[in-house]
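Working through the structure, step by step
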Amino acid sequence: MHLPALMSLGDTNGFVHLRSEASIVWIQVNCLEIANGRQYRFHLTKESKNFSMKIYHLFMALVMLTAFAACTSNDPEQQELALQQDLMDEHDVVMPKMGEFNQTKQKLIQVLYFDTKLDSLTRDSLSMVAGNMGEVEESMMTWMNQLQNIKLLKGQKKKHEEIMEYLNKQKAKMEKIGSTLEDMEKIAKQAIADHPVKVPGPPQK
Amino acid sequence: MKTGIFYWSFLLIVITTACQLSTNSNQPLPILGETEVVDGKTVYPTIPDFRFVDQDSNVVNNATFAGKAYVADFFFISCPTICPRVTKQMLRLYQKFKNDDRLVLLSHTVDTKHDTIPRLKEHANRLEVTTDKWHFVTGNRDSIYNMANNYFSPRPSEDASIPGGYNHSGLLILVDPERHVRAFADGTDPKAVDQFMIDIERLLKEMGTKK
């Protein structure tokens, strides 16, 4: 386990001591806790007499952020979990768009069906957009079905670097699906606006 | 004197709250959605006709729920985030109303390509639930999305805590035997589902004798 560079300021008990020039602020951050047991615990003490509280809080926040980043960035398991979470967050951004995307695709198909005045070139290009939209829907679902989580990857004896590479690739794929989805939807919405059609309602009983 | 005022105020609050709760639980659940007036009568939106296939290859349509209330949701088996939490809450509903024939559960997959009938069956088996109580249905993807639109459209706009993205919102929808939407719940939130259970009981009470 690599201890962060910040530890060079520390003592043998794993505490980081930072002291401001004016000997006003005194902070201890226990990095050994983090390095050994993945527990994020900071022990902070201060001596503040003449220093403005605002400056003190700003300084504290900065030091804590730096210390936290330094203490955690080298833990491979944390890196994997963080990347997997990023991936899931990305998925949770794209997936809710699928409903509206599908409705837009259906409206575009209605344009193709009901607008009899479309010239053949426009018809062909809009047909292609509708087809591509169907493919984007497929690719989203296929992506989710082939996705493997860290537990599965570890079960396949994948190394940390391989897991990170896999998750990064999946994240790039998800981002690509998300951007394609947005592009397609924009084109489709424009076509729907350009070619308004009257769709007959369901037959009356 | 001060203690007396405090005592009576406290008692008044308790009685008022109890009355309020009692009145609410006895009142019928409201019908949700924008109404229309047709021939002088108020008409509420209804769930249109549908036709899907469940994990046992049975056709599931409106007739399947004749005389019954049901809870609908939208999911897909490979869903890594929201769906497992919603399924857990649907299981709570399944357990609670297992022996009440008046309520059925209906889960629509939005991944119609991969969630095949055998896969849905496997999913149901894994959850140890029976088809007569909980239908997992598939069909044409566009039809399922259209149904999702119909189920979610009566949702009050001021309640749009999850803007758009209804198909991945984890919402549960309670539908009565007349095809009216009567309640929604965030299926990822156990507390919201606790309240939803109370809503279901209110609807069942309104429907009459337990079968």
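Shown above is the structure to which this text applies.
Here's a quick rundown of the structure. (Residues numbered from 1 in each chain as written. Chains lettered and ligands numbered in written order. Predicted model: local features only at pLDDT ≥ 70, side-chain atom pairs only at ≥ 80, totals over all residues.)

1. A closer look at the overall build of chain B
Which entries qualify depends on this criterion: For helices the rule is a DSSP run of H or I covering at least 4 residues; for strands it is a run of E covering at least 2, with both sets numbered from the N terminus onward. What counts as a contact here is a pair of residues whose C-beta atoms, placed from the backbone, lie within 7 Å.
The secondary structure content of chain B amounts to five helices and nine strands. In chain B, the succession of helices and strands from N to C terminus is α-β-β-β-β-β-α-β-α-β-α-β-β-α. Restricting to contacts in chain B with at least 6 residues of sequence separation, those with at least 24 account for 68%.

2. What to know about the sheet that holds strand β9 (residues 181–186) of chain B
All names here are of chain B. Here is the rule we go by: Should DSSP find at least two bridges between two strands, the strands are taken to pair. Axes here refer to lines fitted to C-alpha atoms; in helices the fit is confined to the stretch in contact. Angles between the N-to-C directions go from 0 to 180 degrees.
With mixed pairing, five strands are arranged side by side in an open sheet as β7-β6-β5-β8-β9. Edge positions in the sheet fall to β7 (134–137) and β9, since each of these pairs with one other strand and no more. Each adjacent strand pair in this sheet contributes to an overall mean axis angle of 20°, direction not counted. Direction of pairing for strand β6 (residues 103–109) relative to β7: parallel, over a ladder of four bridges. Each bridged residue has a counterpart across the sheet, and for His108 the counterpart in β7 is Val137. On top of the sheet, helix α2 (residues 82–96) reaches β5 (69–75), β6 and β7; it is set at about 165° to β5, its chief contact.

3. Focus on the nonpolar core
Our working definition: We define the nonpolar core as any set of buried residues of the types Ala, Val, Leu, Ile, Met, Phe, Trp, Tyr and Cys, connected via C-beta atoms lying within 7 Å of each other. Here a residue counts as buried when 20 or more other C-beta atoms sit within 10 Å of its C-beta, as exposed when there are 12 or fewer, and as partly exposed otherwise, the C-beta atoms being derived from the backbone.
Core analysis: the biggest nonpolar cluster contains 48 residues, and Tyr70, Tyr151, Ile173, Leu174 and Val175 of chain B have the highest contact counts within it. Excluding residues within four positions of it along the chain, Tyr151 of chain B makes contact with Ile47, Ala72, Ile173 and Val181 of chain B. By size, the runner-up hydrophobic cluster in this structure holds 22 residues, among which are Leu87, Leu126, Val136 and Leu181 of chain A.

4. Some thoughts on helix α5 (residues 120–146) of chain A
All names here are of chain A. Stated formally: By this rule, a helix spans an expected 1.5 Å times one less than how many residues it contains.
In a regular helix each residue adds 1.5 Å, so 27 residues correspond to 39 Å; α5 covers 38 Å between its end C-alpha atoms and thus fits that length. Those residues of α5 that fall on the buried side of the exposure criterion are Leu126, Val129, Ala130, Met133, Val136, Glu137, Met140 and Met141. Looking at the buried positions of α5, the neighbouring elements they touch are α3 (76–94), α4 (98–114) and α7 (160–194).

None of this, on its own, says anything about what the molecule does.
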